[in-house]
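Coordinate analysis (summary)
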Amino acid sequence: MSIDANTADRVKELEVDKYKYGFVTDIEMETAPKGLNEDIIRFISAKKEEPDWLLEWRLKAYRHWLTMDEPDWAKVGYDKIDYQDLHYYAAPKNIDRPKSLDEVDPELLNTYEKLGIPLKEQELLSGVVAVDAVFDSVSVATTYKAKLTEMGVIFCSISEAVREYPELVKKYIGSVVPYSDNYFATLNSAVFTDGSFVYVPKGLRCPMELSTYFRINAENTGQFERTLIIADDGAYVSYLEGCTAPQRDENQLHAAVVELVTLDNAEIKYSTVQNWYPGDENGKGGIYNFVTKRGACRGENSKISWTQVETGSAVTWKYPSCILQGDNSIGEFYSVAITNNAQQADTGTKMIHLGKNTRSTVISKGISAGRADNTYRGLVKILPRAEGARNFTQCDSLLIGNKCGAHTVPYIESRNPSARVEHEATTSKISEDQMFYCMQRGLSSEAAVSLIVNGFCKEVMKELPMEFAVEAQKLIGISLEGSVG
Amino acid sequence: MSILSIENLHANVGETEILRGINLKIEPGEVHAVMGPNGSGKSTLSYVLAGRDGYCVTDGSVEFKDIDLLELEADERANEGVFLAFQYPVEVPGVTGMTFLREAYNSRLRYEGKEEADAMEFLKLVRSKAKDLNMSDDMLKRPVNVGFSGGEKKRNEILQMAVLEPKLAILDETDSGLDIDALKLVADGVNALRTNERSMLIITHYQRLLDYIKPDHVHVLARGQIQRSGGKELALELEANGYAGFDGKG
Ligand SMILES: Nc1ncnc2c1ncn2[C@@H]1O[C@H](COP(=O)(O)OP(=O)(O)OP(=O)(O)O)[C@@H](O)[C@H]1O
Ligand SMILES: [Mg+2]
């Protein structure tokens, strides 16, 4: 659905303020001692009553991680993370496997309410979105379970999936992002605590948007979720991910892994509005967001579409990717990345073309303000078998002020002469003409920037589901506050 | 009380003085035409009145209604009721005309401490305004001014003006680039917006426009000053003789 007049209207109604999700929920927590070692991993695995194969897999990842070096190729700078100074497990007490929403701590329900995500099913957006809420290390509630189960859709926390559907998990986990993939993904494989699991059965178009809200609350806690989504033959699902964290002085680490698998004729649409705490004007605090997201179009004619609006985090390192294995499969990446003040983002995508006539589209909109740095890093790789593969990439950067930076780093490798790869890039500034034109019509300078930036991002924003588009438009305005003098 | 009262206005663009002591009074309901050679400072005057950055007032005063206009930011001036139809309307990619206009309309309502307009109501309002002007609101579905023909851009400015109902409208060469039919359409639109309260400052090079929009006063701006003022007949005189005599040598 596109952003039209009405959406913009609703956006205006929503209050605009600084980081309004910066509150802390006071709740009793069960926390593992600080530090990372095999015992901690055993502890996490035991807490989750996991089968041996999974514990073994975690340990294998951990031992591999010990041999790896933290990557430094991204155009981001941050203080070294002391991995021994973090908690790897933190869970609200008394919520071991709530059977229904009634058993969930009211304080938690409150938290989600404050975030604008009511978890009482009847209050959810007229039944079109089912939500799985993750609070620190555990999933606290999944709504509309019964209805989804009836249709054969599995939508639950990954811990629950490990218990209830171990064969499915075993078959697919690590099949897209192997445990040895990269430093952060490997760490995640060792210590992941929760996340969402989705399986959509053959031939079903899931009629609801499925949504996960991640909330980091605890102090000095790394959040390592693992999400796994499988769309079986001919299935379709649209999945939304939203994130917030309290305002804290120290940096918090977030290293998630998301794996998507589409089989023949299946489609997954994955949308993210990332609004982790970005730190203050001087770059103090904020989330380090080091995420590995990858989808495999295993089946013929299958499609994976990533849409992301990245406004938060102090440092973002993220490259949602598509491996186009099935013939005629399609990968899409639509991205808006906004950095303001001292924020840094190095983001982009990888489109790996393996199958014949595979197609990919990349539309990236980077906006930098303040002293922020924004890098698009994209890889398009066409393998010899990918006869007739096509890619179109468009990277547009918008600069606000003259202390910020935008960089575009495209890598193109084509090993099939019949492939066609197009890359377009532009860099522009908000012009003084545009500002004056808007202000002459009565818009404040901040409203003018927000409007112009929203216009700049339109091609991406229109890919977002309606519910998210409103939120995202509003976020763009908020995250650019103070960017014009 | 005059709508606009400009006294001894001097303004610089960069280091150069462009306006060199302008005096002009506009009463409610009056239409004033400003004519003058290229580069004489007509657009500069409109920008100074609208509060554009980079146009630096060095002397003089401008009162709008009873407020000191020069104290206000551009958006505040707009919300007080100053509207500028641009000589070169600006493109805003990705933003539909409807969204743009609603943002503008709501900014003003907020400024006045009022509730924002309901989306449906606003749509109706725009439709009816467009109808009054004999225009289609189709262009409002497209991104503001992107790919518009010259004539469409100018028409769009008039439609915005109709919706925003300013107290003072400054039209900077709204007639340039219009074919004869479009010129009539725009002129009819402007005439439809004439009221006893609303004043207009119309910048033009052609007396032809003034056949359609009858001005109460005509001024000749040259070398940063108003050199002569008169009635409609002054425009005819200029048409016949050009700006000879105003070019700084006379
Ligand atoms: N930003 C600027 N920088 C330097 N000079 C400027 C700038 N803007 C205007 N000028 C100069 O100021 C003078 C007046 O320009 P202005 O645009 O006001 O003229 P005008 O009367 O509107 O002319 P036209 O009839 O061609 O529209 C010109 O000499 C122009 O070159
Ligand atoms: Mg001019």
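Just above, that's the structure.
Counting restarts for each chain: residues are numbered from 1 in the order of the written sequence. Chains and ligands are labelled sequentially in the order written, the chains with letters from A and the ligands with numbers from 1. Reporting in this predicted model follows two pLDDT cut-offs: at least 70 for local features of residues, and 80 or more for side-chain atom pairs to be given and counted; totals over whole chains, interfaces and linings ignore these cut-offs and use all residues. Hydrogens and water molecules were not included; the side-chain quantities draw on all heavy atoms of the structure.

Here the focus is the site of ligand 1. Residues and elements named next belong to chain B. In the vicinity of ligand 1 there are 14 residues, among which Gly39, Lys42, Ser43, Thr44 and His205 approach most closely. Within the side chain of Asn38, one N or O atom sits 3.0 Å away from an oxygen atom of ligand 1. Any N or O atom pair separated by 3.5 Å or less is treated as a polar contact, with the protein-specific requirement of one donor-capable and one acceptor-capable atom, and with residues adjacent in sequence counted only for side-chain atom pairs. At 2.8 Å, a backbone N or O of Ser43 approaches an oxygen atom of ligand 1. If ligand 1 stood free it would expose 630 Å²; the protein chains cover 59% of that surface. The leading source of residues in the shell around ligand 1 is helix 1 (residues 42-50), at 3 residues. Residues are grouped as follows: Ala, Val, Leu, Ile, Met, Phe, Trp, Tyr, Cys and Pro are nonpolar; Asp, Glu, Lys and Arg are charged; every other residue, Gly included, is polar. Taken together, the residues that form the shell around ligand 1 break down as 4 nonpolar, 8 polar and 2 charged. Near is defined per residue: the residue qualifies when any heavy atom it owns lies within 4 Å of the molecule or strand. With residues, only the protein chains shown are counted as cover, and all accessible areas are computed by Shrake-Rupley using a 1.4 Å probe. Each helix corresponds to a stretch of at least 4 residues labelled H or I by DSSP, and each strand to a stretch of at least 2 residues labelled E; elements are numbered beginning at the N terminus.

Time to look at the coordination of the magnesium ion (ligand 2). Any two of four tetrahedral donors ideally make an angle of 109.5 degrees at the metal, while pairs among six octahedral donors ideally make 90 or 180 degrees. Within the protein, the atoms that donate to the magnesium ion (ligand 2) are B:Ser43 (OG) and B:Gln87 (OE1), at distances of 2.0 to 2.3 Å. Taken together, the positions of B:Ser43 in helix 1 and B:Gln87 in the loop between strand 6 (82-85) and strand 7 (92-96) put the pair 44 residues apart, joining distant regions of the chain. Any N, O or S atom lying within 2.8 Å of the metal counts as a donor, and for Na, K and Ca the limit rises to 3.2 Å; water is left out, so some sites can look incomplete.

All names here are of chain A. One way to put it is that helix 2 (residues 38-47) packs onto helix 3 (residues 52-65) with a least axis distance of 10 Å and a crossing angle of 150°. The angle between helix 2 and helix 3 falls in the class roughly antiparallel. In the crossing of helix 2 with helix 3, the sense of the turn from one axis to the other is right-handed. Residue-level inspection shows Glu38, Ile41, Arg42, Ile44 and Ser45 of helix 2 in contact with helix 3, the latter providing Leu55, Arg58, Leu59, Tyr62 and Arg63. Residue composition of the contact of helix 2 with helix 3, by class: 5 nonpolar, 1 polar and 4 charged. Think of each axis as a best-fit line through the C-alpha atoms, taken over the contacting stretch in the case of a helix, with angles from 0 to 180 degrees between the N-to-C directions. Between 65 and 115 degrees an angle is taken as roughly perpendicular, under 35 as roughly parallel, over 145 as roughly antiparallel, and anywhere else as oblique. Helix crossings are classified by the rotation of the near helix relative to the far one: an anticlockwise turn of less than a right angle makes the crossing left-handed, while a clockwise turn makes it right-handed. Contacts are residue-level and defined by heavy atoms, with any inter-residue pair within 4.5 Å sufficient.

The next subject is the sheet that holds strand 9 (residues 168-172) of chain B. Residue and element names in this part refer to chain B. Strands are treated as partners if at least two bridges between them are detected by DSSP. The 6 strands lie next to each other as 6-9-10-3-11-12, forming an open sheet whose pairing is mixed. At either end of the open sheet lies a strand with only one pairing partner, and these are strand 6 and strand 12 (225-230). Adjacent strand axes in the sheet meet at a mean angle of 20° when their direction is disregarded.

Bringing the sheet that holds strand 5 (residues 67-68) of chain B into the picture now. All names here are of chain B. With antiparallel pairing, 4 strands are arranged side by side in an open sheet as 2-1-4-5. The open sheet has two free edges, formed respectively by strand 2 (16-26) and strand 5, since each of these has just one partner strand. Running over the sheet, helix 1 touches strand 1 (4-13), strand 2 and strand 4 (55-64) and is turned about 110° from strand 1.

Moving on: the packing of aromatic side chains. Residue and element names in this part refer to chain A. Ring pairs shown here join Phe, Tyr and Trp side chains whose ring centres sit within 6.5 Å, with only the six-membered ring taken for Trp; geometry is labelled stacked below 30 degrees between planes, edge-to-face above 60, and tilted in between. What the rule picks out here adds up to 18 aromatic pairs over all chains. Plain terms: the ring middles of Tyr83 and Tyr183 are 5.9 Å apart, the flat faces sit at 70° to each other, and that makes the pair edge-to-face. Highlighted residues: Tyr83 in the loop between helix 3 and strand 2 (90-92) and Tyr183 in helix 8 (residues 183-191), separated in sequence by 100 residues. Throughout, exposure labels follow a simple rule: accessible area from a 1.4 Å probe, protein chains only, divided by the maximum for the residue type, with under 20% read as buried, over 50% as exposed, and the rest as partly exposed. Overall, Tyr83 belongs to the buried group, its relative accessible area being 6%. Geometrically, the ring pair formed by Tyr270 and Trp306 is tilted, given 5.0 Å between the ring centres and 55° between the ring planes. Here the residue Tyr270 occupies a position in strand 12 (residues 267-274), and Trp306 occupies one in strand 14 (residues 303-310), the gap between them amounting to 36 residues. Note on Trp306: relative accessible area 2%, which makes it buried. Taken together, Tyr62, Trp65, Tyr83, Tyr183, Phe184, Phe290, Trp317 and Tyr319 form an aromatic cluster joined through their ring pairs. Two conditions define a charge located above a ring, namely a distance within 6 Å from the ring centre to NZ of Lys or CZ of Arg, and an angle within 35 degrees of the ring normal. A cation sits over an aromatic face here: Arg58 above Phe192, 4.0 Å from the ring centre.

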